[in-house]
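Examination of the molecular architecture
So the chains spell out like this:
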Amino acid sequence: MIVETERTLALLCPACQGTQFHEFSIFGIGHKPYPLQCRCGFAHGQVQRTGSRYTINAFSLTGEHVCLAFPAKEFLRAPLVVLIEPTFGDNIGFLGRGRDVQEAVANSDALSQSSGDALDVEDFENPDVMYAVLARLQQLAGEGKITCRCDHPSVGIDIYPEKVELVCSFCGSAVVIGASAPYHQERVAHLSEIVMEPSSYAYLSERLKPLI
Ligand SMILES: [Zn+2]
Ligand SMILES: [Zn+2]
């Protein structure tokens, strides 16, 4: 019996709105989280095995955290698994055999449209700064240090060639953070918290102390 050991995962990235393909060996997934990094620099998920179950942690397009669990048989062998975000039922990606995943992405309106205009490393004005800024923001987000003061804070991130925008999808407030010059990187490195004001639009700069 021939067992295919390569799996392909296609995931939508909430930061660049692109579709990123990940190929991995089934032997590469263990108890240690296997990081899924998009080409835009955003760490948009991870895969992990716990006992005989596999979990995919990812984000919906609006930046909501999504955790999907699969029995080993399905995760390792199914030709194609459609990844659905449970709250709204949106398709956020596919898992399966390479050719089946490629085909599914090509036939999916949501995923195929977004793969064309995704940002790539060369689109960034300063990739090193962008990666450092993203890494720091994701660290803060992981610690729960990026919030909005509105009733139902739901902060997502949008990436542009020279900046990133933190956007609260509930109240629409946004904070623009420059990510093209070394001093931008410095500034973000020294942030300990970002608290957004409801329904506001702000540039992260020295004069906006409330954000820091
Ligand atoms: Zn991305
Ligand atoms: Zn808000």
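A quick note: this is a predicted structure, and the numbers were derived from the prediction, not measured. (Residues numbered from 1 in each chain as written. Chains lettered and ligands numbered in written order. Predicted model: local features only at pLDDT ≥ 70, side-chain atom pairs only at ≥ 80, totals over all residues. Heavy atoms only, no water.)

1. Considerations on the coordination of the zinc ion (ligand 1)
Within the protein, the zinc ion (ligand 1) binds to C13 (SG), C16 (SG), C38 (SG) and C40 (SG); these donor distances fall in the range 2.3 Å. Ordering the donors of the zinc ion (ligand 1) by residue number gives the pattern C-x2-C-x21-C-x1-C. Of this pair, C16 sits in the loop between β1 (6-12) and β2 (19-25) while C40 is found in the loop between β3 (34-37) and β4 (43-50), placing the two residues 24 residues apart along the sequence. Judged on exposure class, the residue C16 and its partner C40 are both buried. (Donors = N, O, S within 2.8 Å, 3.2 Å for Na, K, Ca; no water. Helix = DSSP H or I, 4+ residues; strand = E, 2+ residues; numbered from the N terminus. Buried < 20%, exposed > 50% of the residue type's maximum accessible area, 1.4 Å probe, protein only.)

2. Brief notes about the coordination of the zinc ion (ligand 2)
Protein coordination of the zinc ion (ligand 2) is provided by C148 (SG), C150 (SG), C168 (SG) and C171 (SG), with donor distances spanning 2.2 to 2.3 Å. The site at the zinc ion (ligand 2) holds four donor atoms, and with the angles between them running 102 to 118°, its shape is tetrahedral. Positions of the donor residues of the zinc ion (ligand 2) along the chain correspond to the pattern C-x1-C-x17-C-x2-C. In this pair, C148 sits in strand β9 (residues 146-148) while C168 sits in strand β11 (residues 163-168), placing the two residues 20 residues apart along the sequence. (Tetrahedral: all angles 85-135°; square planar, octahedral: opposite > 155°, others 65-115°.)

3. Structural notes on the packing of helix α4 (residues 127-142) against helix α5 (residues 182-189)
If you want to describe how two helices pack, look at the angle between their axes and the distance between the axes. The contact between α4 and α5 brings their axes to 9 Å, and the two run at 10°. Classed by the angle they form, the pair α4 and α5 counts as roughly parallel. You can see that α4 and α5 cross each other, and the crossing is left-handed. Along the contact surface, α4 presents V129, A132, V133, R136 and L137, while α5 presents P182, H184, Q185, V188 and A189. Split into classes, the residues belonging to the contact of α4 with α5 amount to seven nonpolar, two polar and one charged. (Axes fitted to C-alpha atoms, helices over the stretch in contact; angles between N-to-C directions. Parallel < 35°, antiparallel > 145°, perpendicular 65-115°, else oblique. Left-handed = near helix turned anticlockwise from the far one by under 90°. Contact = heavy atoms within 4.5 Å. Nonpolar A, V, L, I, M, F, W, Y, C, P; charged D, E, K, R; others polar.)

4. Digging into the environment of E197
Its location among the elements puts E197 in the loop between β13 (194-196) and β14 (201-203). Exposure remark for E197: the relative accessible area of 31% places this residue in the partly exposed category. When near neighbours in sequence (up to four residues on either side) are disregarded, E197 contacts C148, R149 and S173.

5. A look at α4
Compared with the 22 Å implied by 1.5 Å per residue over 16 residues, the 22 Å span of α4 between its first and last C-alpha is a close match. Turning to α4, its buried residues are V129, M130, V133, L134, R136, L137 and L140. When α4 is viewed along its axis, its buried side chains cluster within an angular range of 165° and face the same direction. For α4, exposure combined with an orientation more than 90 degrees from the buried face picks out D128 and G142. Summarising the contacts, the buried residues of α4 are in contact with β9, β10 (155-159), β11, β12 (174-178), α5 and β13. Downstream of α4 by a residue or two, G144 has a phi angle that is positive, lying close to 75°. (Expected span 1.5 Å × (residues − 1). Arc of directions from axis to C-beta.)

6. Observations regarding the sheet that holds β14
Strand order in the open sheet made by the four strands is β10-β11-β12-β14, with mixed pairing throughout. Two strands bound the open sheet, and with one partner strand each, they are β10 and β14. With direction set aside, neighbouring strand axes in the sheet form an average angle of 20°. Inspection of the sheet shows β12 paired to β14 by three bridges, in the parallel sense. Directly across from A174, in β14, lies its bridge partner Y201. (Pairing = 2+ DSSP bridges.)

7. Digging into the environment of N107
When you line up the elements, N107 lands in helix α2 (residues 98-107). Residue N107 is classed as exposed on the basis of its relative accessible area of 61%. Each C-alpha atom of the pair N107 and V175 lies 35 Å from the other, and the pair is 68 residues apart in sequence.

8. Points about the domain arrangement of the chain
By the assigned domains, the chain splits into domain 1 (6-116) and domain 2 (124-211). For domain 1 and domain 2, the distance between their C-alpha centres works out to 25 Å. If you look at the interface, domain 1 gives 10 residues, while domain 2 gives nine residues. On the domain 1 side of the contact with domain 2, A15, C40 and F42 bury the most area, a combined 45% of that side's loss. At the boundary of domain 1 with domain 2, the tally comes to zero salt bridges. Class assignment for the residues of the side of domain 1 that touches domain 2 results in five nonpolar, three polar and two charged. (Domains from an automatic or database assignment. Buried area = accessible area lost by both parts, 1.4 Å probe. Salt bridge = Lys/Arg side-chain N within 4 Å of Asp/Glu carboxyl O.)

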